[in-house]
Amino acid sequence: MPATFSTGLGDLELRSTGPRSGATAGDPIESELELYNDGSVEVGVWECTPGEFPSVKDGITEEMLFLSGDATIVGEDGIKYEIGPGALVLTPDGWRGRWEIRQTVRKVYTIWHTR
């Protein structure tokens, strides 16, 4: 049976998972709510406060739809993705880069385990 929610995804209460490890600037704090996980695919809502940190996608591919916030995601190849409400970003297995969050971001994510 599909999961349904009576509130918008921007209004869901998330659980703090604490400070983002490896932060290179600021003190980014992560929160999330996992909506689905069958061991191969995960779906949820994630939020992070301002700061900068590296990111690596090893063994996963992630699709992200941003609901709110202001940030830049910079790939190791120098490609920049400007993040705001409605932005859609796909990071394939093996992607490396960094996040520069200026205003708390909230996204809906789908992660596929590739290994």
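Residues numbered from 1 in each chain as written. Predicted model: local features only at pLDDT ≥ 70, side-chain atom pairs only at ≥ 80, totals over all residues. Heavy atoms only, no water.

1. Focus on the overall build of the protein
On a plain count of helices and strands, the protein comes out with zero helices and nine strands. Principal axes of the C-alpha set define a box for the protein whose edges measure 40 × 30 × 25 Å. Evaluated residue by residue, the protein yields a buried proportion of 39% over its 115 residues. In the protein, 64% of the contacts between residues at least 6 apart in sequence involve partners at least 24 apart. Just so you have it, the protein exposes about 6,400 Å², and 51% of that area is on carbon and sulfur atoms. (Helix = DSSP H or I, 4+ residues; strand = E, 2+ residues; numbered from the N terminus. Buried < 20%, exposed > 50% of the residue type's maximum accessible area, 1.4 Å probe, protein only. Contact = heavy atoms within 4.5 Å. Areas by Shrake-Rupley, 256 points an atom, 1.4 Å probe, with all protein chains shown as cover.)

2. Things to note about the environment of Glu47
Here Glu47 lies in strand β4 (residues 41–48). Taking C-alpha positions, Glu47 is 9.2 Å from Gly69, a pair spaced 22 residues apart along the chain. Side-chain polar atoms of Glu47 contact the side chain of Arg106, separated by 2.8 Å. (Polar contact = N/O pair within 3.5 Å; in protein donor to acceptor, adjacent residues only side chain to side chain.)

3. Some remarks on the side chain of Thr61
Take Thr61: it is sitting in strand β6 (residues 60–75). Among the polar contacts listed, one links the side chain of Thr61 to the backbone nitrogen of Asp93, at a separation of 3.2 Å. With near-sequence residues (within four places) excluded, Thr61 lies in contact with Leu90, Thr91, Pro92, Asp93, Thr110, Ile111, Trp112 and Thr114.

4. What about the nonpolar core?
Counting residues in each nonpolar core, the largest one holds 17 residues, and the members touching the most others are Trp46, Phe66, Ile83, Trp99, Ile101 and Val105. Every element with two or more residues in this core is listed here: β4, β6 and β9 (96–113). Not counting residues within four places of it along the chain, the set of residues in contact with Trp99 comprises Trp46, Gly51, Glu52, Phe53, Ser55, Met64, Phe66, Thr72, Ile73, Val105 and Lys107. (Core = buried A, V, L, I, M, F, W, Y, C linked by side-chain atoms within 4.5 Å.)

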